[in-house]
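This is what each chain is made of:
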Amino acid sequence: MSKFICFVMSILILLQVCIIVKPAEQTYADGFNGSTFLYTEKETVSYSSKKESEVSISGGLPKYYSTFSNTNDCAPVAGSIVLGYFDRQFDQLIPNFTAGRYIRDQFIYTPQNDTIVNLTNTLYDLMDTNTSGNGTTVNQFKNGLQEYVQSRGRTIGYSSVMNGSLSVQEVIDSINSGIPVVIFVVGYALVSEDDISSTTNTDTYAKDIYGGAHTMVVGGVKTITYYNEAGSVVESKVLFDVYTGYGTNQNCYMLLNAYGRLDDAYSVKIN
């Protein structure tokens, strides 16, 4: 009998060793709503000449932000930003709310109010935020936002702008078509216009480095290419015009490939 028990125990141990545990899906807004500030660092680029280009969604995106009424809510805030933008076209996408108005051909968004806070709270529940970890997974974000949009009689489409790696051109094409892009990052570098200083043949970037997992919405892309005297490229910078979901620095640039990683990105369109 003792030999039989030892045999059974050996089989059970082998089964435990052979079980492959599926890794938990990454959640976004791990830490203090994604805004885990680490440090500021400066980078200087020297050049002989440079070329800049920029594309952006006309009128930009709404600058909605977390009120910290819920923890780790950057994905629901990003969803509210997307909905606020498309409410310009479909006024009842957000009930009893007007996205904004035109003043001299410039669209001015209505500032965040209780309706938007309640909208973010609704998305927080629909996205099952904090049920799979600290924050929201990509699938939870997509499914929750889709459920809300369908409840308003509309449809939503997600088009990946990554095929193994990010396609900057696809992001630019999406922005040129008036379609925002939602990005999911772990670690990132932010710079504002004031954080980029120029002197003769040098640009200095004062980058704020963040270590959290975060969800943001891209409303524009700026590219800067630097050349030496021979006309060869010495450095290229891609800056995403992001809507951060923060109470401060609500709209600034994320410097691509400067820190951390970009896990996923989708062009999001509501019809």
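Here is a short report on the structure shown in this document.

Conventions and cut-offs
- Residues numbered from 1 in each chain as written.
- Predicted model: local features only at pLDDT ≥ 70, side-chain atom pairs only at ≥ 80, totals over all residues.
- Heavy atoms only, no water.
- Phe/Tyr/Trp six-rings, centres within 6.5 Å; stacked < 30°, edge-to-face > 60°.
- Helix = DSSP H or I, 4+ residues; strand = E, 2+ residues; numbered from the N terminus.
- Buried < 20%, exposed > 50% of the residue type's maximum accessible area, 1.4 Å probe, protein only.
- Lys NZ or Arg CZ within 6 Å of the ring centre and 35° of its normal.
- Core = buried A, V, L, I, M, F, W, Y, C linked by side-chain atoms within 4.5 Å.
- Contact = heavy atoms within 4.5 Å.

Quick notes on the packing of aromatic side chains
Move 1: This structure, assessed with the given rule, holds ten aromatic pairs.
Move 2: Arranged with centres 5.1 Å apart and planes meeting at 50°, the rings of Tyr 47 and Tyr 226 form a pair that is tilted. Residue Tyr 47 is found in the loop between strand S1 (37–46) and strand S2 (49–56), and its partner Tyr 226 is found in strand S8 (residues 202–227); the two are separated by 179 residues along the sequence.
Move 3: Ring centres 6.0 Å apart and planes at 35° place the aromatic pair Tyr 210 and Tyr 246 in the tilted group. Residue Tyr 210 is found in strand S8, and its partner Tyr 246 is found in the loop between strand S9 (233–243) and strand S10 (251–255); the two are separated by 36 residues along the sequence. The burial state of Tyr 210 is the same as that of Tyr 246; both residues are buried.
Move 4: Three or more aromatic residues joined by ring pairs form one cluster here, namely Phe 37, Tyr 188, Tyr 210 and Tyr 246.
Move 5: Over the aromatic face of Phe 107 sits the side chain of Arg 88, whose NZ or CZ is 4.2 Å from the ring centroid.
Move 6: Over the aromatic face of Tyr 205 sits the side chain of Lys 237, whose NZ or CZ is 5.5 Å from the ring centroid.

Looking at the nonpolar core
Move 1: The biggest cluster of nonpolar side chains holds 63 residues, and the ones touching the most others in it are Leu 83, Leu 145, Ile 183, Phe 240 and Met 254.
Move 2: Excluding anything up to four places from it in sequence, Phe 240 contacts Leu 166, Val 171, Ile 183, Val 218, Gly 220, Val 221, Cys 252, Tyr 253, Met 254, Leu 256 and Leu 262.
Move 3: Formed by twelve residues, the second largest nonpolar core is a distinct cluster that contains Tyr 205, Ile 209, Leu 239 and Leu 255.

Honestly, that's just the spatial picture; any functional story needs more than this.
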